[in-house]
Amino acid sequence: MKLDVVLGLQWGDEGKGKIVDVLAGNYPVVARFQGGPNAGHSLHFDGKSFVLRSVPSGIFRDDAMNIVGNGVVLDPITFKGECENIAEKTGIPVTKRIVIAKKAHLILPTHRLLDAANEAAMGKGKIGSTLKGIGPTYTDKISRHGLRVGDILAADFADRYARLQNRHITLLNQMGFECDPHAEDEAFMEAVNYLKQFELVDCEYYVNETLKTKGMLAEGAQGSMLDIDYGSYPFVTSSTTSCSGACVGLGVSPQKIGHVYGIFKAYCTRVGSGPFPTELFDETGEELRRIGHEFGAVTGRPRRCGWLDLVALKYAVMISGVTDLIMMKSDCLDTFADIQPVYTEFKGWKSDLTHCRTEEELPQEFRDYIAFMENFLEVPIKIISVGPDREATIMR
Ligand code: IMO
Ligand code: MG
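Residues numbered from 1 in each chain as written. Chains lettered and ligands numbered in written order. Predicted model: local features only at pLDDT ≥ 70, side-chain atom pairs only at ≥ 80, totals over all residues. Heavy atoms only, no water.

1. Focus: the site of ligand 1
Next, step 1: The environment of ligand 1 is formed by 20 residues, the closest being D13, K16, H41, T130 and T237.
Next, step 2: Within the backbone of G128, one N or O atom sits 3.3 Å away from an oxygen atom of ligand 1.
Next, step 3: At 3.1 Å, a backbone N or O of V271 approaches an oxygen atom of ligand 1.
Next, step 4: Its free accessible area being 550 Å², ligand 1 has 97% of it covered by the protein chains.
Next, step 5: Taken together, domain 1 (3-72 + 203-395) and domain 2 (105-195) each give at least three residues to the shell around ligand 1, which thus spans both. (Near = heavy atom within 4 Å. Polar contact = N/O pair within 3.5 Å; in protein donor to acceptor, adjacent residues only side chain to side chain. Areas by Shrake-Rupley, 256 points an atom, 1.4 Å probe, with all protein chains shown as cover. Domains from an automatic or database assignment.)

See the structure below:
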């Protein structure tokens with residue numbers, strides 16, 4: 001069977017959580033393959049809302065297994081809090097529904113402090129990081145100093161932790177960053193013990209064995225324009241957010257990839273710094289933010305808003321070999337009179353999309369807009385979302 005991949009094609013926050021939740025019903029296994037708690041995947045169903053950070057979005061499906069893959073950076077403290085919250089609110093036996101890759105790297109509390117120190121040192125040139133320790137943890141991974149999930153089983157784990165922490169303390173001192181590097185030592189060790197309740201796996205074997213009999217969905221975090229190689233460097237995150245990240249992050253061959261679902265919003269948003277060609281600085285931008293509730297799920301920061309950038313989208317489609325497009329938040333443009341994605345002006349549809357459940361119910365102006373995009377991108381838009389709920393989804 002194939003590994004299907006779902007990816008954000010913009011700067012993150014495209015609505016990956018909702019779509020993975022909608023698609024997860026078709027897959028017995030859902031895996032995260034990169035990123036960490038910088039992600040905030042929002043899910044709404046049965047009148048309940050959850051924001052997932054490191055837990056794959058298959059967690060709410062009774063029959064799905066979930067994998068935290070090799071390419072992920074895992075913060076034991078946030079992960080424990082997230083899992084306990086889900087278990088408490090839903091009764092889902094999370095420790096039985098998630099397996100964790102032994103080779104996934106651990107985010108230490110001092111990685112988070114380093115993230116803050118780096119950002120403080122950059123002043124105006126800062127990335128606008130979520131300060132979850134993502135950059136420093138991947139830095140340690142690449143420079144071969146990192147600690148991995150499998151290391152927590154070693155008898156001398158406490159010593160290894162102290163050694164890496166000491167490296168970080170030296171760096172923090174050099175940067176003159178005032179903090180208490182030991183403040184979370186106890187919470188960290190407690191959370192590490194909590195991790196031992198999960199099955200820790202060789203992700204590459206687990207995934208390839210599973211694919212012999214079952215289909216699997218890989219859930220991307222962040223978006224293509226935040227990719228470490230192909231995004232708007234240096235204003236990017238520190239992982240491979242494009243499709244090939246799923247191969248590296250889970251240990252599967254590119255030949256195993258099936259559908260590549262690319263998710264985009266009907267407009268664009270960006271949190272943090274960096275270029276954003278179609279950004280709106282006027283009242284229209286304000287209105288998009290208000291209607292789309294564009295505030296960060298992780299940091300609460302107001303998101304920068306602008307029109308859809310089809311040139312950037314086409315680039316992302318190319319990098320990841322997207323086979324199916326999914327358009328989110330179509331309903332957020334219901335009230336706009338004119339829509340101007342870069343150069344082309346479109347007639348607004350001025351009617352409410354949220355009640356539409358079939359293609360035929362969609363207004364003509366909206367269908368014209370879709371046809372233009374499909375023509376430009378040369379990939380079909382297979383799913384259109386017209387509201388946050390599972391039900392508000394049109395399959396074409
Ligand atoms: P989801 O999965 C939107 C942005 C940050 C910052 C840059 C680097 O919810 O779409 P980092 O903490 O990774 O070092 O920050 O990337 N960023 C995101 N923006 N959604 C996300 O995740 C993001 N994860 C990181 O705002 O500009
Ligand atoms: Mg987010």
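2. Describing the packing of helix α4 (residues 109-122) against helix α5 (residues 134-142)
Next, step 1: Running from N to C, α4 and α5 cross one another at 110°; their axes reach a closest spacing of 7 Å. What the angle tells us is that α4 and α5 run roughly perpendicular. The element α4 and its partner α5 pack so that their crossing is right-handed. Of α5, the residues touching α4 (which contributes H111, L114, D115 and N118) are I134, P136, T137 and D140.
Next, step 2: Of the residues belonging to the contact of α4 with α5, the class tally is three nonpolar, three polar and two charged. (Axes fitted to C-alpha atoms, helices over the stretch in contact; angles between N-to-C directions. Helix = DSSP H or I, 4+ residues; strand = E, 2+ residues; numbered from the N terminus. Parallel < 35°, antiparallel > 145°, perpendicular 65-115°, else oblique. Left-handed = near helix turned anticlockwise from the far one by under 90°. Contact = heavy atoms within 4.5 Å. Nonpolar A, V, L, I, M, F, W, Y, C, P; charged D, E, K, R; others polar.)

3. A look at the side chain of S330
Next, step 1: For S330, the location among the structural elements is in the loop between β14 (324-328) and β15 (338-339).
Next, step 2: Using a relative accessible area of 1% as the deciding quantity, one classes S330 as buried.
Next, step 3: Side-chain polar atoms of S330 contact the backbone oxygen of S385, separated by 3.0 Å.
Next, step 4: Discounting residues that sit within four places of it in the chain, S330 has contacts with A266, W349, L353, F366, I384, S385 and V386. (Buried < 20%, exposed > 50% of the residue type's maximum accessible area, 1.4 Å probe, protein only.)

4. Description of the packing of aromatic side chains
Next, step 1: Scanning the entire structure with this criterion turns up twelve aromatic pairs.
Next, step 2: For the ring pair F346 and Y369, a centre distance of 5.1 Å and an interplane angle of 65° mean the geometry is edge-to-face. Taken together, the residues F346 in strand β16 (residues 346-347) and Y369 in helix α12 (residues 364-377) connect sequence positions 23 residues apart. Assigned by exposure class, F346 and Y369 land together as buried.
Next, step 3: Here W349 and Y369 contribute two aromatic rings whose centre-to-centre distance is 6.0 Å and whose plane-to-plane angle is 35°, an arrangement assigned as tilted. (Phe/Tyr/Trp six-rings, centres within 6.5 Å; stacked < 30°, edge-to-face > 60°.)

5. Quick look at the domain arrangement of the protein
Next, step 1: Here the domain parsing of the protein yields domain 1 (3-72 + 203-395) and domain 2 (105-195).
Next, step 2: Domain 1 and domain 2 are separated by 30 Å when their C-alpha centres are compared.
Next, step 3: Listed as interface residues are 20 residues of domain 1 and, on the opposing side, 13 residues of domain 2.
Next, step 4: For the domain 1 and domain 2 pair, buried surface summed over both sides reaches about 1100 Å², with 55% attributable to carbon and sulfur atoms.
Next, step 5: Among the residues of domain 1 in contact with domain 2, N38, S238 and R301 are the three that bury the most area, contributing 32% of the side total.
Next, step 6: Remark: the boundary between domain 1 and domain 2 carries six residue pairs in polar contact (both at pLDDT 80 or more).
Next, step 7: Here the side of domain 1 that touches domain 2 is composed, by residue class, of six nonpolar, twelve polar and two charged. (Buried area = accessible area lost by both parts, 1.4 Å probe.)

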